[in-house]
Amino acid sequence: RVSKEKTSIIHFHIGLQILMKAVFTGHVDPFSPLSFIGIEQITKADDFELKNSELRISLSELLLRVGRRAIRTAAFPSALTYLEKGISFLGDNGWDLNHELCLHLHESACQAVYLNALPARVSTYMDIIMSHTEDFMDQIKCHHISMKTLATTGKVREAIDNFFHVMKELKEEFPSNMAPMTIFSSLSATKNKLEKYSSEGILSIPRMLDKGKQWAMTFMDTMLPYIYIVCPQFIPLIATRMVSLSLQYGLVKESANGLQAYSYSILCLLQDIDGGCRWLRTTRLILERFKALEMYPKLRFFQCSFLTCWKEPFQSVTNDLLQCHQQAIIVGDVEYAVFSSHIQCQFMILSGSHLAAAEKQCVVLSKEMIRLNQVQILLEHCSLHNMILQLAGGDENPFDLPEVPFNDENEVIKESESSGNITIEYPTLYTNRVMRAFFFRNYDDAKEMTKKYAALVGNESLRYQTIFYIFYEGLLAFRLARSEVDRENWLSIGQKAINTYQTWVKHSEWNFENKLLLLEAESHFSNYEYESAETTYLASIDSARRHKFVHEEGLASDLLASFFIDRGDVEKGIGYLQGAFSCYEKWGAFGLLKHLRGY
């Protein structure tokens, strides 16, 4: 039987002979099948000590190249194997033998362990790099990977603290004063700068050469989704900084997302939907210029989630987000694969997809989050999954996971509000809870959620959640105007929702017409305009049916039934209630049906 040591020697010499005749002579591409046969043989040479320094360096350089190539092609386990073998060939004196090569190998290995969902080993590589380097720019890639690891393992606030520290080191410090005037001043200044440029003018800007500014752009680009969750007030400042750096120092591939974040800020804070969508084509062309295919899923995710949803049918956005997830997996962008799939689940509910399909997608995503160690939004996803199960009638507890230390969303909210250690995206959470409460006719709960939403989020910005929050808040307001003392206040809130939807419907009749009609019908009912109310309810039902919002067709029928019953026409009311139940059944809302039949 051949010993382990002898086996290692055999593997090494077979691999070396192949590489000597192929790669090292320059006759064969180092990424050819023949080359990889040689490399695979080399990596099987366990515990093999190589004496020749030049050969050690040559092999380590080759393994660095193929390791980086494996990362680009999402072959993460193989990448880690190649890179760690390259490190082992350099030996204990690797840093003295070739400091730059050793640094690049450890940086890439740090990236590979992150991509292989091994967060503890990220710290190990970071400690090694920090102990062998003094220049901050030699440590910068390590800081970037560490920040991503913190964020994706749920330590988002710590990641954000690190982000602001790094930005200060890069001479791109952000102001501590987040007064509205500071934000609007920054947006206004950037808008004035961009007015001087056409799309072609932006694309003709030279490439950015300053390494410090390049890394500043990379860090800002990486942290955008996490800033959005924890401290969204910083998004406009980060967006305008990215645009300003791009105009002053040149373009990088991250300039596309900076311009897109600026577009979102314009839409969100200035409520300028057309202005927000102006640069969509330009952002895609920037990525084409840099051949940055790996960034297309991220770009498309932001466009679907925050921009095009104001113009394109929600059902189309749902399908686009599915494609974002698939594309992100292909290019190895596991963060945005998870983000895309989560928002897709959200849009499945909001667009009226069958709840069984949405619930199945939620189960798949929970498992994927855990497998990929991307648990940064797992709590939010469990909350969304819980809402779907309640509507569908499932009795599972989506919080019953080893990675989740809470039994339900109420525990999550309590811990988040008391300690601030739990990161959760409140606009989505409270929007979902208002929607759920309204469907289940728990109007007191819905009222309480609107108070919390207003206290924590406010009503002066546009997010995709705003579309649905304002809709259900408006419906709730008209209902409360008919039953509570503070009638004029509730009518004012409802009318504000109508005014908002009258603006939005100009951008997408498909998405907003049926919702506007239902708000108007409730307004007519609340103002004793009964004939107009009946006509408008029917128009809303018809519009929801034509635009394939089966859940909102059911809701409009449900409210029309209440309209007739409240006015004493029980027979008509029961007829429309049966129509509502039929829609809810098509939606798969068997939990809702069970509740309403016993109401």
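Presented here is an overview of the structure given in this document. (Residues numbered from 1 in each chain as written. Predicted model: local features only at pLDDT ≥ 70, side-chain atom pairs only at ≥ 80, totals over all residues. Heavy atoms only, no water.)

Examining the overall build of the chain
- A count of helical and extended segments in the chain gives 31 helices and zero strands.
- Projected onto its principal axes, the C-alpha coordinates of the chain cover approximately 95 × 60 × 45 Å.
- When the 599 residues of the chain are sorted by exposure, 57% land in the buried category.
- Considering only residue pairs separated by 6 or more positions, the chain has 68% of its internal contacts joining residues 24 or more positions apart.
- Taking the average place of the 60 positive charges on the side chains of the chain and the average place of its 71 negative ones, the gap between the two points comes to 5 Å. (Helix = DSSP H or I, 4+ residues; strand = E, 2+ residues; numbered from the N terminus. Buried < 20%, exposed > 50% of the residue type's maximum accessible area, 1.4 Å probe, protein only. Contact = heavy atoms within 4.5 Å. Lys, Arg positive; Asp, Glu negative; His and termini not counted. Charge placed at Lys NZ, Arg CZ, Asp CG, Glu CD.)

Structural notes on helix H24 (residues 443-456)
- With 14 residues, H24 extends 20 Å between its outermost C-alpha atoms, agreeing within 8% with the 20 Å of an ideal straight helix rising 1.5 Å per residue.
- Buried within H24 are the following residues: Tyr-443, Ala-446, Lys-447, Met-449, Thr-450 and Tyr-453. An end-on view of H24 places all buried positions within 160° of arc, on one side of the element. The outward face of H24, more than 90 degrees from its buried face, is lined by the exposed residues Asp-444 and Ala-455.
- Elements that come into contact with the buried residues of H24 comprise helix H23 (426-439), helix H25 (464-481) and helix H26 (487-504). (Expected span 1.5 Å × (residues − 1). Arc of directions from axis to C-beta.)

What about the layout of surface pockets?
- Counted as a void, the largest pocket has a volume near 1600 Å³.
- Elements represented by at least two residues in the lining of the largest pocket include exactly helix H3 (53-72), helix H6 (99-115), helix H8 (136-152), helix H12 (211-230) and helix H19 (334-350).
- Looking at the lining of the largest pocket residue by residue, the classes come out as 19 nonpolar, eight polar and 16 charged. (1 Å grid on protein atoms, 1.4 Å probe; cavity = no way out; pocket = protein on both sides within 12 Å on 5 of 7 lines; lining within 4 Å. Points joined across faces, edges and corners; volume = space filled by probe spheres on them. Nonpolar A, V, L, I, M, F, W, Y, C, P; charged D, E, K, R; others polar.)

Some thoughts on unusual backbone geometry
- Phi is positive for Lys-291, which is not a glycine, with a value near 50°.
- Looking at where Lys-291 falls in the secondary structure, it is placed in the loop between helix H16 (280-289) and helix H17 (296-307).
- Residue Lys-291 is classed as exposed on the basis of its relative accessible area of 71%.

Description of helix H28 (residues 530-546)
- Taking 1.5 Å of rise per residue, 17 residues should cover 24 Å, and H28 covers 24 Å from first to last C-alpha, within 8% of that figure.
- Within the sequence span of H28, burial applies to Ala-533, Thr-536, Tyr-537, Ser-540, Ile-541, Ser-543 and Ala-544. Along the long axis of H28, the arc covered by the buried residues comes to 165°, so they all point the same way. Summarising the geometry of H28, the exposed residues directed more than 90 degrees from the buried face are Glu-531 and Thr-535.
- Buried residues in H28 make contact with helix H27 (509-526) and helix H29 (550-566).
- Of the residues one or two after H28, Lys-548 is the one with positive phi, at around 65°.

Focus: a nonpolar patch on the surface
- Taken together, the side chains of Ile-565, Val-570 and Ile-574 present a nonpolar region at the surface, about 220 Å² in accessible area.
- You can see Val-570 is positioned in helix H30 (residues 570-587). (Patch = residues over 30% accessible without salt bridge, like charges linked within 9 Å, V, L, I, M, F, W, Y side chains within 5 Å. Areas by Shrake-Rupley, 256 points an atom, 1.4 Å probe, with all protein chains shown as cover. Salt bridge = Lys/Arg side-chain N within 4 Å of Asp/Glu carboxyl O.)

Focus: the packing of H19 against helix H21 (residues 378-392)
- One way to put it is that H19 packs onto H21 with a least axis distance of 11 Å and a crossing angle of 25°. Considering their axes alone, H19 and H21 lie roughly parallel with respect to each other. The element H19 and its partner H21 pack so that their crossing is left-handed. Each of His-342, Cys-345, Gln-346 and Ile-349 in H19 lies in contact with H21, whose residues at this interface are Glu-380, His-381, Leu-384, Met-387 and Ile-388.
- Here the contact of H19 with H21 is composed, by residue class, of five nonpolar, three polar and one charged. (Axes fitted to C-alpha atoms, helices over the stretch in contact; angles between N-to-C directions. Parallel < 35°, antiparallel > 145°, perpendicular 65-115°, else oblique. Left-handed = near helix turned anticlockwise from the far one by under 90°.)

Considerations on the side chain of Thr-152
- Among the structural elements, Thr-152 can be located in helix H8.
- With near-sequence residues (within four places) excluded, Thr-152 lies in contact with Tyr-114, Tyr-226, Glu-335, Asn-373, Gln-374, Val-375 and Gln-376.

What about the side chain of Thr-240?
- Of note, Thr-240 is situated in helix H13 (residues 235-249).
- By relative accessible area, which is 3% here, Thr-240 ends up buried.
- Looking at Thr-240, its side chain comes within polar contact range of the side chain of Ser-186, at 2.6 Å.
- Of the polar contacts made by the side chain of Thr-240, one reaches the backbone oxygen of Pro-236; its length is 2.9 Å.
- In this structure Thr-240 touches Ser-186, Leu-187, Thr-190 and Tyr-262, once residues within four positions along its chain are discounted. (Polar contact = N/O pair within 3.5 Å; in protein donor to acceptor, adjacent residues only side chain to side chain.)

Structural measurements only, silent on function.
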